[in-house]
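The primary structure of each chain is shown beneath.
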Amino acid sequence: MIYIIDNILNYIIYLFISYFGFQLSPRKNRVFQGASILTVLIAGAFNACSDTNSPFVYIVWSVLSISLFFEGRLFWLTVLSAAFMYFTGIMDTFSVMLIQVILIGGGIADNTITWWMEPAYLLSFLVYLLVYFRLLRKNEVYLCEIGMKYKLLILIQGSIFQMFYNFVFVFFNENSAMYGWDAYITFFVSIAGAIYSLFLTLSLAIKNILSDRQNRELEALMLMQRQQYDYQLQQSVKLRCFKHDLANHIGALRELINQKRAEDAKAYIDRIWQMQEDFDLKLRTGDSFLDVIVNYYLYLAEKEHIEFTVSGRLTEKIPLEMVDITSLMGNVLQNAVEAARKAAVPEIRVELVTGRRENFIAVSNSVCEEADIKRNLLISSKKDGENHGFGMKNIAAAVRKYHGEYYMDSTAENGKRIFKISISIPRGNEV
């Protein structure tokens, strides 16, 4: 029975790291998940019958169970599960050494699974929980984002520590009578230091990711602001050209009126009116800066033949700084344009409402396929997911900064797939 429990505890650790650390998605087919669990139980039963913890059986069930349970390329899942098995083995070794030295008073050469293995797995799992809550979840960075050089470094670093402690452990066990409690304390502190060094390596990798992410976010923000500036510059040039020719237009109209050519004068006025519409803001939201952003994306939508409509109007300026409103609405509308252009019926709708305490903004766009939403974050479908996922994180960060809320939903409307993001920002006197 102890072998089956051993396999189950290892299995739970693998599932935890795969799902929360590497953000792998479980298979939707329950048959594969059932086969994964059955593999673990059969391997445990085999070990119990043969009364040995066969390394070969351990490798087979570890790799097979992960490959059956999660979606992904078979080669990638195989490599990943092998790395899990290796690294968790290192952590389990540290835990077993601590328990044997502190609770038992020395090493035990027998490799048979005994009672102290379960507390060792619990101790290892607490380390993984600490990594998840203190590093990964806190910084919204996951193991799948960490560069390969850091992953290899952690594995190599762990290997060096394990070889060193195996040697020290054997020496300490064979000569335990020579040492007092100071040796036990030294051994405990040294293993804690080894684990802490792994934390430092992981922290360095995360800081590097956060730095790169911040740089990409800044570049994206500067690009959006540059594009909006170029658009405004084009409008300004058109306006100056129109003003430059305004005296000539008035002179032409005066001549047409003097000649009593009323119909020609009316047609000329219509042409002039149409010209000024090219540089006038077509959409008014109630917020002057939001007007610039919305009209810019209207301009992009028209170039892509996307139907772009705005309903409602804000009764006051949104209490957001210029940089934040650019990041928030720029990312929302940019995502909407990129998704809508791929849809069979491309369209974008913006809804604006000023409530008693909050300003509400909802942006809906047609999509070619149902959006993948996870933990209220849109998962990028682009191949370069690491470089594009930060758009939604910028949206979330801007909303949180002003104590607002946002909600995303993917539905079907009149036979069309629609993605909608709804944002509420407290009014100025409520922030």
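Nothing here was measured: the structure is a model prediction, and the numbers come from that model.

Enquirer: Can you tell me about a nonpolar patch on the surface, naming the residues and giving the values?
Expert: A cluster of nonpolar side chains, contributed by Met148, Leu152, Ile156, Ile160 and Met163, occupies part of the molecular surface with about 520 Å² of accessible area. Considering the arrangement of structural elements, one finds leucine 152 in helix 6 (residues 148–174). The partly exposed category is assigned to leucine 152, whose relative accessible area is 44%.

Enquirer: Explain the environment of serine 424 to me, and be specific about the residues and the numbers.
Expert: Tracing the backbone shows serine 424 in strand 7 (residues 416–426). Beyond its immediate sequence surroundings of up to four residues, serine 424 is in contact with Glu358, Asn359, Phe360, Gly404 and Glu405.

Enquirer: Mind laying out the packing of aromatic side chains, listing which residues take part and the relevant values?
Expert: What characterises a pair of aromatic rings is the spacing of the ring centres plus the angle enclosed by the ring planes. Counted under the stated rule, the structure contains 14 aromatic pairs. Centre to centre, the rings of tyrosine 19 and phenylalanine 20 are 5.0 Å apart; their planes meet at 90°, and the pair counts as edge-to-face. Owing to a relative accessible area of 26%, phenylalanine 20 belongs among the partly exposed residues under this scheme. The interplanar angle of 70° and the centroid separation of 5.0 Å between the aromatic rings of tyrosine 132 and phenylalanine 133 together place this pair among those described as edge-to-face. Ring-pair connections join several aromatic residues into one group, and the members of that group are Phe16, Tyr19, Phe20, Phe125, Tyr132 and Phe133.

Enquirer: Kindly report on the sheet that holds strand 1 (residues 307–312), identifying the contributing residues and their values.
Expert: Strand order in the open sheet formed by five strands is 1-2-3-7-6, and the pairing between neighbours is mixed. Pairing within the sheet leaves two strands with one partner each, and these edge strands are strand 1 and strand 6 (405–413). Strand-to-strand twist across the sheet, computed as the mean angle between neighbouring axes with direction ignored, equals 15°. As defined by bridge partners, strand 3 (residues 358–366) adjoins strand 7 across nine bridges and the pair is classed as antiparallel. Considered in strand 7, the bridge of valine 363 is made with isoleucine 421. Across the sheet, helix 9 (residues 288–303) is in contact with strand 1 and strand 2 (347–354); its angle to strand 1 comes to roughly 150°.

Rules used throughout
- Residues numbered from 1 in each chain as written.
- Predicted model: local features only at pLDDT ≥ 70, side-chain atom pairs only at ≥ 80, totals over all residues.
- Heavy atoms only, no water.
- Patch = residues over 30% accessible without salt bridge, like charges linked within 9 Å, V, L, I, M, F, W, Y side chains within 5 Å.
- Areas by Shrake-Rupley, 256 points an atom, 1.4 Å probe, with all protein chains shown as cover.
- Salt bridge = Lys/Arg side-chain N within 4 Å of Asp/Glu carboxyl O.
- Helix = DSSP H or I, 4+ residues; strand = E, 2+ residues; numbered from the N terminus.
- Buried < 20%, exposed > 50% of the residue type's maximum accessible area, 1.4 Å probe, protein only.
- Contact = heavy atoms within 4.5 Å.
- Phe/Tyr/Trp six-rings, centres within 6.5 Å; stacked < 30°, edge-to-face > 60°.
- Pairing = 2+ DSSP bridges.
- Axes fitted to C-alpha atoms, helices over the stretch in contact; angles between N-to-C directions.

Read these as spatial facts, not as claims about activity.
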